[in-house]
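A closer look at the structure
As a plain string of letters, each chain reads:
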Amino acid sequence: MTATTTGEGIPTASVRTASAARTVTDVLQPRNVLLAGMLGIGLAAAGDWTGLLWGFLGALCAGLIPAGYIEWERGRGTWGDRHVVDRTKRAPIFFVILGSIGAGSLVMVLGDAPRGILVAMLALWVMTIGLLAVNTVWKISVDSAVASASVSLLAVTHSPWWLAAYALTCAVCWSRVALGYHTVAQTVAGAGLGAATTVAYAFV
């Protein structure tokens, strides 16, 4: 029995796997995960609707502004796509994230934001420093780190039941490997660093 192939000779199963992986990595990209995650963290931290405003500020600074920067650089032809597969070209992104999260954290301090959302922001800031440091010598997975951090922070601020959402983190790790952007080790390292963001709550 021979495997079914496309007109280009590519096995149909491989095409379907790549398509599924592409869908997962696009839907669960950092800006989307952070938007949902930070809104949830803000709501849990404040205990009322005002937390959504703080959560949106967190998502804006940690995810949406950096994503906008990447799209701007793509428009200029700096990078081919949002994944920036060349590790040596990623440093500017990390510095934008650090500056954006830092500015957002300052606004939160001045605005007396709920401690939970502020701690989450600072934890993401420290995580970004870790990603930047590792990235200088090894290509760690940012998508996996963000997905893991969002789930672990929701579990700490809201409910341990959120740990069930690690199934989505695993899906992100799988998609990055399936698309050839990372190795298994790189996604596991990213997820581990993301989970470590909860350490910040040990000092609250």
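Not measured: the values here are computed from a predicted model.

Rules and cut-offs
- Residues numbered from 1 in each chain as written.
- Predicted model: local features only at pLDDT ≥ 70, side-chain atom pairs only at ≥ 80, totals over all residues.
- Heavy atoms only, no water.
- Helix = DSSP H or I, 4+ residues; strand = E, 2+ residues; numbered from the N terminus.
- Rg over C-alpha atoms; globule rule 2.2 N^0.38 Å.
- Contact = heavy atoms within 4.5 Å.
- Areas by Shrake-Rupley, 256 points an atom, 1.4 Å probe, with all protein chains shown as cover.
- Lys, Arg positive; Asp, Glu negative; His and termini not counted.
- Charge placed at Lys NZ, Arg CZ, Asp CG, Glu CD.
- Salt bridge = Lys/Arg side-chain N within 4 Å of Asp/Glu carboxyl O.
- Expected span 1.5 Å × (residues − 1).
- Bend = angle between axes of the 7 residues up to and from the residue.
- Axes fitted to C-alpha atoms, helices over the stretch in contact; angles between N-to-C directions.
- Parallel < 35°, antiparallel > 145°, perpendicular 65-115°, else oblique.
- Left-handed = near helix turned anticlockwise from the far one by under 90°.
- Nonpolar A, V, L, I, M, F, W, Y, C, P; charged D, E, K, R; others polar.
- Phe/Tyr/Trp six-rings, centres within 6.5 Å; stacked < 30°, edge-to-face > 60°.
- Buried < 20%, exposed > 50% of the residue type's maximum accessible area, 1.4 Å probe, protein only.

On a plain count of helices and strands, the protein chain comes out with eight helices and zero strands. Taking 2.2 N^0.38 as the reference for a compact globule, 204 residues should give roughly 17 Å; the C-alpha atoms of the protein chain span a radius of gyration of 18 Å, in line with that estimate. Dimensions along the principal axes, computed over C-alpha positions, put the protein chain at roughly 65 × 40 × 30 Å. The long-range fraction of contacts in the protein chain, counting pairs at least 24 apart against all pairs at least 6 apart in sequence, stands at 70%. Taken as a whole, the protein chain presents about 10100 Å² of accessible surface, with 69% of it coming from carbon and sulfur. Charge centroids of the protein chain, computed over 12 positive and 9 negative side chains, lie 6 Å from each other.

It is worth spelling out the pattern of salt bridges at this point. Per the stated rule, a full pass over the model turns up three salt bridges. The partner of Arg 76 in a salt bridge is Glu 73, and the shortest N-O contact between them spans 2.9 Å. A salt bridge links Arg 176 to Asp 143; the nearest nitrogen and oxygen atoms lie 3.6 Å apart. On the criterion of sequence distance, the pair formed by Arg 176 in helix H7 (residues 166-178) and Asp 143 in helix H6 (residues 142-157) is long-range, its members being 33 residues apart.

What follows deals with helix H3 (residues 50-75). Given a rise of 1.5 Å per residue, 26 residues ought to cover 38 Å, and the 35 Å separating the end C-alpha atoms of H3 matches this to within 8%. At Leu 60, H3 shows its largest kink, close to 45 degrees. One or two steps after H3, the chain reaches Gly 77, where phi turns positive at roughly 85 degrees.

Another point: the environment of Leu 52. Note that Leu 52 resides in helix H3. Residues Leu 52 and Gly 42, 10 residues apart in the sequence, show an inter-C-alpha distance of 5.5 Å. With sequence-adjacent residues up to four places away left out, Leu 52 is seen in contact with Leu 39 and Leu 43.

Another aspect to go through is the packing of helix H2 (residues 30-46) against H6. Two elements in contact, H2 and H6, have axes separated by 9 Å at closest approach and are oriented at 15 degrees. Between H2 and H6, the angle is such that the two are roughly parallel. Pair H2 / H6 crosses with left-handed handedness. Within the contact between the two elements, H2 uses Pro 30, Val 33, Leu 34, Gly 37, Gly 40, Ile 41 and Ala 44 and H6 uses Asp 143, Val 146, Ala 147, Ser 150, Leu 153, Leu 154 and Thr 157. Tallied by class, residues from the contact of H2 with H6 come to nine nonpolar, four polar and one charged.

Let us now look at the packing of aromatic side chains. For the coordinates displayed, the defined rule picks out one aromatic pair. Note on Tyr 69 and Trp 72: the rings are 6.2 Å apart at their centroids and 40 degrees apart in plane angle, and the pair reads as tilted. Taken together, the positions of Tyr 69 and Trp 72, both in helix H3 and three residues apart, correspond to about one turn of that helix. Accessibility expressed as a relative area gives 18% for Tyr 69, which makes it buried.

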